[in-house]
Amino acid sequence: MTEKITGAEALLRGLVAENTELVFGYPGGYIIPVFDRLYDFTDRLKPILTRHEQGAMHAAQGYARVTHRPGVVIVTSGPAATNLITGLSDAMMDSTPLVVITGQAPSSMLGTDAFQETDVMGITQPVTKWSFQIRSADQVSEALARAFHIASTGRPGPVVLDFTKDAQTGLTDAGYEPCRFIRSYIARPELNHFDVKRLADMINRAERPLILAGQGITIAEAESELKTLAEKADIPVAATLLGLSTLPTAHPLFKGMLGMHGNFGPNINTNRADLIIAVGMRFDDRVTGPVEHYAPQAKIAHIDIDESEFNKNIRVDLKIHGDAREALAQLIPLVNKACHREWNESFDRHNDSERRLIARSAAYGTDPGAPPTMGETARLVSEAAGQGAILVTDVGQNQMLSSRYFNFTAPKSIITSGGLGTMGFGLPAAIGAKMGAPERGVYLFTGDGGLQMTIQELGTIMQYGTPVKIILLNNNFLGNVRQWQSLFFNDRFSMTEMANPDFGKLCEAYGIEYINVATRAALPEAIRRMVSSPGAMLLNVNIDETDMVFPMTPPGSPVDFIMINPTETYRPES
């Protein structure tokens, strides 16, 4: 006789079949049948109770980014489902695979404005790869299998399964079979070998080639292929924010970060290159500036698995639709071994100028009794953290400075909210990252504004003993907005100054170690204590409220127009 099980049981068996380790979430009325069955699955599925549904989403994102496996979130209906929208939007923009299950009113009550009923399908479809409402227990296994396949293949992203209560309690005998194919959904397009050959010819003719490394390289796990191609053809590599760690920071061909707060060399030479090879990136406006002034001397080739990205922002001369790892692997034997010494040295000269003009003050400080600088804090934490450390950031000045001065030694080493710029992302994402990679050190850089948006997740750290290291760059302001108000709005600091709580007392309440640092002289020992501590710790670094992030390309300016302080711009000699 065929075994009959509930839809809730079918869901959990499917999660086990997909090798799910952790389930982030928050229970409630219309999802209780699933959580009731989860009670008997905790030897196979570890439930992580966050303090808010948004925290569950960002924690699942952090987990997914370090493991390359879909993060799983289960919450109830109504306000719980609507609390997911920020995380879904963030995951959609940053290509993070999530499988999200929401509870829902019984099928017979849909459309009646039942208690905590919400149109989850209508709300989530614009910010997901796929949304589906499960109204029968017989639909559970197939829907879940499709969800995992869609979330984790092609360009990854979030999916939502809205699970009516009667489907959770109804019976089914449908077994679970992983999904490998969906008609009309082509997860891995076939490469056009002629286009790859054309790109090889372009590279072999180029005198000033430049690779722009995006997160697509990380997603495709193409870091080795990137390194091999760059070394064989002697091509400098610059990274988007999310493309950092695709090549180690110390590699001689890695020239730095692109964009509004990027390094001198990549931004100046973007507009000097004669060939740009963009891999797994979307030409975000923070990278390009005004498109009419972007890379005027370059032919542009774009490798991406998402066809919709081609010519969306920047018109390209060659598009290669396919997996980045496969494309680079086919490209490597076709390119000639080359030497572009003078071109590479031009990046180094510009970056040397940057260190002379900016980094010495930003990353080293001057007066031992003065407040620490943001850049100096990031540099010292990175040096103390050692090999394989993961940088997690919130959004704002903390994000830009830590990304600029952190040394990346291994792939999948930066977790940050890139496209959506979600304040509050950092703390729960760091928790998920540490749970996904317990063997690696996880260091969260956050500001006092972003931390307080999801500060309740300190309770998650307390409950599960997650040893996250939190570096709070505390200036009692919304620092990034303050910087813009200072530079572009005549120092009119409207609603950016913050009255902050005693973070030490909050940490005491949550059982988390705490160190307060007010001077540069005290910083190295405090960092040593933080790194050597076996548990979670919050390092409160009191920075000068006037500290700013430079270099900076102002909004609306070409990428090679670079401010080095509020009144001066960089004018290269060559």
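Residues numbered from 1 in each chain as written. Predicted model: local features only at pLDDT ≥ 70, side-chain atom pairs only at ≥ 80, totals over all residues. Heavy atoms only, no water.

## Some details on the sheet that holds strand 11 (residues 254-257)
Here comes step 1: In space, the 6 strands of this open sheet follow the order 11-10-9-12-13-14, with parallel pairing throughout. Either end of the sheet is taken by a strand with one partner, and the two such strands are strand 11 and strand 14 (318-321). Between one strand axis and the next, the sheet turns through 20 degrees on average, direction left out of account.
Here comes step 2: Bridge count between strand 13 (residues 299-304) and strand 14: 4 bridges; the pairing is parallel. Its bridge partner being in strand 14, Ile303 is matched across the sheet by Ile320. (Pairing = 2+ DSSP bridges. Helix = DSSP H or I, 4+ residues; strand = E, 2+ residues; numbered from the N terminus. Axes fitted to C-alpha atoms, helices over the stretch in contact; angles between N-to-C directions.)

## Let's talk about the packing of aromatic side chains
Here comes step 1: By the definition in use, this model includes 8 aromatic pairs.
Here comes step 2: Both rings, one in Trp130 and one in Phe132, keep their centres 5.5 Å apart while their planes meet at 15 degrees; by these two values the pair is stacked.
Here comes step 3: With relative accessibility at 26%, the residue Phe132 sits in the partly exposed group.
Here comes step 4: On the numbers, 6.0 Å between centres and 80 degrees between planes, the contact of Phe283 with Tyr294 is edge-to-face. Residue Phe283 is found in the loop between strand 12 (275-279) and helix 13 (285-288), and its partner Tyr294 is found in the loop between helix 13 and strand 13; the two are separated by 11 residues along the sequence. (Phe/Tyr/Trp six-rings, centres within 6.5 Å; stacked < 30°, edge-to-face > 60°. Buried < 20%, exposed > 50% of the residue type's maximum accessible area, 1.4 Å probe, protein only.)

## Description of the sheet that holds strand 6 (residues 130-134)
Here comes step 1: In spatial order, the strands read 3-2-4-5-7-6; together these 6 strands make up an open sheet with parallel pairing. Each edge of the sheet is formed by a strand with only one pairing partner; in this case those strands are strand 3 (46-49) and strand 6. For this sheet the average axis-to-axis angle between neighbouring strands, irrespective of direction, equals 20 degrees.
Here comes step 2: Bridge count for strand 2 (residues 22-26) against strand 3 is 4 bridges, and the pairing is parallel. Pairing of Val23 across the sheet is with Pro47, part of strand 3.
Here comes step 3: Along the sheet face, helix 3 (residues 53-67) touches strand 2, strand 4 (71-75) and strand 5 (98-104) and points at about 165 degrees away from the line of strand 4. (Contact = heavy atoms within 4.5 Å.)

## Quick notes on unusual backbone geometry
Here comes step 1: The omega torsion of the bond from Phe550 to Pro551 falls at 5 degrees, within 30 degrees of zero and hence cis.
Here comes step 2: One non-glycine residue, Phe283, adopts positive backbone phi at about 55 degrees.
Here comes step 3: Of note, the phi angle at Ala295 is positive, near 45 degrees, even though the residue is not glycine.
Here comes step 4: Examined against the element boundaries, Ala295 turns out to sit in the loop between helix 13 and strand 13.
Here comes step 5: Overall, the relative accessible area of 4% leaves Ala295 in the buried class.

## Side note on the packing of helix 16 (residues 374-385) against helix 17 (residues 397-405)
Here comes step 1: Remark: helix 16 packs on helix 17, axes separated minimally by 8 Å, with the N-to-C direction vectors making an angle of 50 degrees. Classed by the angle they form, the pair helix 16 and helix 17 counts as oblique. Relative to helix 17, the crossing made by helix 16 is right-handed. Between helix 16 and helix 17, the contacting residues are Met374, Gly375, Ala378, Arg379 and Ser382 on the first element and Gln397, Leu401, Ser402 and Tyr405 on the second. (Parallel < 35°, antiparallel > 145°, perpendicular 65-115°, else oblique. Left-handed = near helix turned anticlockwise from the far one by under 90°.)

## Points about helix 15 (residues 341-362)
Here comes step 1: For helix 15, which comprises 22 residues, the first-to-last C-alpha distance of 29 Å matches the rise-based estimate of 32 Å (1.5 Å per residue) to within 8%.
Here comes step 2: Considering bend angle alone, the principal kink of helix 15 is centred on Arg355 and spans about 45 degrees.
Here comes step 3: Residues of helix 15 that are buried include every one of Trp343, Asn344, Ser346, Phe347, His350, Asn351, Ser353, Glu354, Ile358, Ala359 and Ala362, and no others.
Here comes step 4: Contacts made by the buried residues of helix 15 are with strand 9 (209-213), strand 11, helix 12 (264-270), helix 16 and helix 17. (Expected span 1.5 Å × (residues − 1). Bend = angle between axes of the 7 residues up to and from the residue.)

## Here we look at the pattern of salt bridges
Here comes step 1: Summed over all chains, the structure comprises 26 salt bridges.
Here comes step 2: Put simply, Glu221 and Lys412 hold a salt bridge, and the shortest N to O gap is 3.9 Å. On the criterion of sequence distance, the pair formed by Glu221 in the loop between helix 10 (215-219) and helix 11 (223-233) and Lys412 in the loop between helix 17 and strand 16 (414-415) is long-range, its members being 191 residues apart.
Here comes step 3: Residue class for Glu221 comes out partly exposed when judged on its relative accessible area of 38%.
Here comes step 4: The residue Glu525 makes a salt bridge to Arg528 at a minimum N-O spacing of 2.6 Å. Of the two residues, Glu525 and Arg528 are both situated in helix 23 (residues 523-532); the distance of 3 residues between them amounts to about one turn of the helix.
Here comes step 5: On the accessibility criterion, Glu525 (41% relative accessible area) is partly exposed.
Here comes step 6: Three or more residues are tied together by salt bridges with common partners; here these are Glu3, Glu9, Arg13, Arg37 and Asp40. (Salt bridge = Lys/Arg side-chain N within 4 Å of Asp/Glu carboxyl O.)

## A few points about the nonpolar core
Here comes step 1: In this structure, Leu199, Ile203, Ile211, Ile277 and Leu331 are the most contacted members of the largest nonpolar core, which totals 81 residues.
Here comes step 2: Dropping the residues within four chain positions of it, Leu199 is found in contact with Ile277, Ala301, Ile303, Leu318, Ile320 and Leu331.
Here comes step 3: Grouped together as the second largest cluster of nonpolar side chains are 47 residues, Ala430, Ala433, Ala437 and Leu458 included. (Core = buried A, V, L, I, M, F, W, Y, C linked by side-chain atoms within 4.5 Å.)

## Quick word on the pairing of strand 9
A regular strand places its side chains so that they alternate between the two faces of the sheet.
Here comes step 1: For strand 9, the tally of buried residues reaches 5 of 5 residues, placing the bulk of the element in the interior.
Here comes step 2: Burial of the side chains of strand 9 extends over both faces: Pro209, Ile211 and Ala213 are buried on one face and Leu210 and Leu212 on the other.
Here comes step 3: Relative to strand 12, strand 9 runs parallel, the two sharing 5 bridges. Paired with Ile211 across the strands is Ile277, a residue of strand 12.
Here comes step 4: As defined by bridge partners, strand 9 adjoins strand 10 (residues 237-239) across 3 bridges and the pair is classed as parallel. Within strand 10, the residue paired with Leu212 across the bridge is Ala238.

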